[in-house]
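Coordinates in review
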Amino acid sequence: MNWAKTLKTISNSIYIVGVVIVLCLGTISLFGSNETIDTTAMIPFTWKEQAFIWLALGTIPMLLACMAVYKFNAIKDKTQKKRNFIFIFFPGFICSACALFVIGVIIVGMINTLGI
């Protein structure tokens, strides 16, 4: 059994599932409903906010999948390295931007709480 080919197939499959999830959540985050999901919840999130939070939570798995695809498909050895790098890591960059925004909101909230 060729382990390299098996790992390449598994990493590509996980990456494709991750890309589809990022596309769906990104679409919901941009064009979703402003209707609250559960009106009796302590913090009633809308569909847009919940999709944005799930994008932020998926940052680490998506970046790991991007790195696996980059490594196992030997993108470094092919032509158009920069273009391929950007296309492969674009879903990871989207998730990272969401995570950084959430972290920034938390930090600003903490600063405002302290009254600085």
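Residues numbered from 1 in each chain as written. Predicted model: local features only at pLDDT ≥ 70, side-chain atom pairs only at ≥ 80, totals over all residues. Heavy atoms only, no water.

Three or four residues apart is the spacing at which side chains of an α-helix point the same way, because the helix has 3.6 residues per turn. In this model helix H3 (residues 59-72) runs 20 Å from its N-terminal to its C-terminal C-alpha over 14 residues, within 8% of the 20 Å that 1.5 Å per residue would give. Thr59, Met62, Ala65, Cys66, Ala68 and Val69 are the residues of H3 that are buried. Where H3 is buried, its residues contact helix H1 (3-31), helix H2 (47-57) and helix H4 (81-114). Ala74 occupies a position one or two residues after H3 and carries a positive phi of about 55 degrees. (Helix = DSSP H or I, 4+ residues; strand = E, 2+ residues; numbered from the N terminus. Expected span 1.5 Å × (residues − 1). Buried < 20%, exposed > 50% of the residue type's maximum accessible area, 1.4 Å probe, protein only. Contact = heavy atoms within 4.5 Å.)

To continue, consider the nonpolar core. Grouped together as the largest cluster of nonpolar side chains are 17 residues, with contacts concentrated most on Tyr15, Val22, Leu55, Met62, Cys66, Ile88 and Cys95. The greatest single-element share of this core, amounting to five residues, is contributed by H4. The contacts of Val22, once residues within four sequence positions are left out, are Leu55, Met62, Pro91, Ile94 and Cys95. (Core = buried A, V, L, I, M, F, W, Y, C linked by side-chain atoms within 4.5 Å.)

Each packed pair of helices is defined by two parameters, the angle between the axes and the distance between the axes. Two elements in contact, H2 and H4, have axes whose closest approach is 7 Å; the angle formed by their N-to-C orientations is 105 degrees. Relative to H4, H2 is oriented roughly perpendicular. Across the interface between the two elements, Phe52, Leu55 and Ala56 of H2 pack against Cys95, Cys98, Ala99, Phe101 and Val102 of H4. In terms of residue class, the contact of H2 with H4 is made up of eight nonpolar, no polar and no charged. (Axes fitted to C-alpha atoms, helices over the stretch in contact; angles between N-to-C directions. Parallel < 35°, antiparallel > 145°, perpendicular 65-115°, else oblique. Nonpolar A, V, L, I, M, F, W, Y, C, P; charged D, E, K, R; others polar.)

Counting through the fold element by element, Thr59 comes out in helix H3. When residues no more than four places from it in sequence are discounted, the contact partners of Thr59 are Cys95, Ser96 and Ala99.

This part takes up H1. The terminal C-alpha atoms of H1 lie 42 Å apart, and with 29 residues this matches the ideal 42 Å at 1.5 Å per residue to within 8%. All of the buried residues in H1 are Ser11, Tyr15, Gly18, Val19, Val22, Leu25, Gly26 and Ser29. Where H1 is buried, its residues contact H2, H3 and H4.

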